[in-house]
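# Topology and contacts: notes
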Amino acid sequence: MFFKIKSNIIFRNYVSFGYITDNRNFGYELTDDHESNIGDKIVSESGAVFLSVLSRKPQPIDKLANKIHKKFTDAEFRTIRNDATEFYCSLERDGFIVSGKTLQECDKKDKRFSYKTAEPESIKKDCSPIIRHPEKSTQEFFEEYFNGKPHLTSLHIEIASKCNERCIHCYIPHDNKINVMEPDLFYDVLKQCKDMRVLHLTLSGGEPMLNKNFCDFLRKCKEYDFSVNVLSNLTLLDDEIIKEMKTNQLLGVQVSLYSMNSNVHDKITQTKGSFEKTKNAILKLIENDIPMQISCPIMKQNKNCYDDVKKWAKKHKINVGDDYVIIARYNHTTQNLSNRLSINEVKKVINDTNINDPKYMDEMEKEAEKKKNTTLEDFVCSVCHSSICVADNGNVYPCAGWQDNIVGNVKEASLREIWDNSEKVQHLRGLRRQDFPKCIQCPDKEFCTMCMVRNANEDPLGNPLVVNEYFCEIARLNRKMMVEWKENA
């Protein structure tokens, strides 16, 4: 029997235990993908050893048992072989690994992402059933293991501040887009992420493909088994990049497409010909079965045609994230906000979305119900709790949009030292919902997504606690529309 870990699964060995998870939080799915996610799982110390010998290439059970036997020399080989087989079978039933009587059969069962119509994945029946027992949730386990200390799971790396487009709504002033990250710095950060058992990396810019080492960076990410998301306008996509992307099954791409009208798109990017390059690159990624998502920020320029992007994407089975949230530039200049929708324009967008998507208001209601359970001691967001951002010059920010709030530099201190000991990180971590008294009393709070960078960038002094009135009005609008929807229903 052959076994291998599935292509969309990530494993981290903590020595005293192991953690295995699917790529659901970081990968992109098809618009018609209704399969349930696999989830995640904590395994014992011996289970971590059993998992550590698996790879993304099929191996026979005897070879795997030999590797395990070198670490458990006191146990009989036959016992190890039987225990490993039973353990692998249980993980296969959970969806984390696959098996086969031959190498080819094992590989064939590892269903890769594809835009083409495929048969539903067959369920393995060869393994004997096991008795399942209730366990702690992984979240509870990690909170107990780390004594409530935040654990870095996702790092945003800006490998280039340079950009070949000049998008009118961008939160980065174009005059500041001048550098690319040096390879030594990138590889050093990557090694630190590996040692900290980070799961996910976002590679962005500017335009990340302007970094001539882009393909080498992707190769190193694959070697360290990181889930990788690339944020790019795709105008520089070429055959070498596509070839490298295809080899990494834990990779996804997010690209902005503003309109199916080339004039509108090019006006937003202020780059003639950008629409055709981006659209053709998207089609190339589809042709090569590279998972992606389209981002379509809604602003004054495309408010009447953004829906064409959604229709085009749906035809190609691509999910679209459309949002009317445009934030001020990180240097607190607000000229880019002249492109932001007015409240009445936002209302029209919500109305149109509700008409085209019958589930929209249902989902809004569910989210509002969830927020009713939040407490005054809850964190505001994931910033400095599970994620952080490193720029091309080594500066560390709480998140990608908050670049005037430098919490450290990886050229001067390790990422772990910054994560654990930076005074600014500790301050942000200490903030709770109770630090926003205006929001606590607000009747619209269940319809608002609190965001400190939105506050900070728009406030002249960069204070994240100064609540942004524009988003308060949107929350008020959402609640009012929900009340009207319920009354009409």
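You'll find the structure just up there.
The structure reproduced in this document is the subject of the present report. (Residues numbered from 1 in each chain as written. Predicted model: local features only at pLDDT ≥ 70, side-chain atom pairs only at ≥ 80, totals over all residues. Heavy atoms only, no water.)

### Thoughts on the overall build of the chain
We count it as follows: Helix and strand definitions follow DSSP, with helices as H or I runs of at least four residues and strands as E runs of at least two, each counted in order from the N terminus. C-alpha atoms define the radius of gyration in this analysis, and the globule rule sets the expected value at 2.2 Å times the number of residues to the power 0.38. Relative accessible area decides the class of each residue, using a 1.4 Å probe on protein chains only: under 20% of the type maximum gives buried, over 50% gives exposed, and in between gives partly exposed. The contact rule is simple, with two residues in contact once any of their heavy atoms fall within 4.5 Å. Only the protein chains shown count as cover for residues, and the accessible areas themselves come from Shrake-Rupley with a 1.4 Å probe. Under the convention used here, Asp and Glu are negative, Lys and Arg are positive, and both His and the chain ends fall outside the count. To locate a charge, take atom NZ for lysine, CZ for arginine, CG for aspartate or CD for glutamate.
Counting its regular elements, the chain contains 18 helices and 15 strands. Computed over its C-alpha atoms, the radius of gyration of the chain comes to 24 Å, within 12% of the 23 Å expected for a compact globule of 489 residues. Taking the principal axes of the C-alpha coordinates as reference, the chain spans close to 70 × 55 × 45 Å. Expressed as a percentage of its 489 residues, the buried residues of the chain come to 50%. A fraction of 71% describes how many contacts in the chain between residues 6 or more apart in sequence connect residues 24 or more apart. Of the roughly 24300 Å² of accessible surface on the chain, 48% is carried by carbon and sulfur atoms. Once the 71 positive and 72 negative side-chain charges of the chain are each reduced to a mean point, those two points are 3 Å apart.

### Structural notes on unusual backbone geometry
The phi angle of most residues is negative, glycine excepted, and most peptide bonds adopt the trans form. For the bond from Gly205 to Gly206, the omega torsion is 25°, close enough to zero to count as cis. Topologically, Gly206 is positioned in the loop between β8 (200-204) and α7 (214-223). Even without a glycine there, the phi angle at Val15 is positive, about 70°. By secondary structure assignment, the location of Val15 is in the loop between β2 (9-13) and β3 (18-22). You can call Val15 exposed: its relative accessible area is 56%. In this model, His332 sits at a positive phi of 75°, which is unusual for a non-glycine residue.

### Regarding the sheet that holds β3
For clarity, the cut-off: At least two DSSP bridges between two strands are required for those strands to pair. In this analysis an axis means a line fitted to C-alpha atoms, helices contributing only their contacting stretch, and an angle means the value between N-to-C directions, from 0 to 180 degrees.
Read from one edge to the other, the open sheet built from three strands follows the order β2-β3-β4, with strand pairing classed as antiparallel. Of all the strands in the sheet, the pair left with one neighbour each is β2 and β4 (40-43). Put simply, the sheet's adjacent strands are angled 15° from each other on average, direction ignored. As paired elements, β2 and β3 share five bridges and run antiparallel to each other. Looking at the pairing, Ile10 lines up with Thr21 of β3. Each of β2, β3 and β4 touches helix α1 (residues 45-52); the most contacted strand, β2, lies at about 125° to it.

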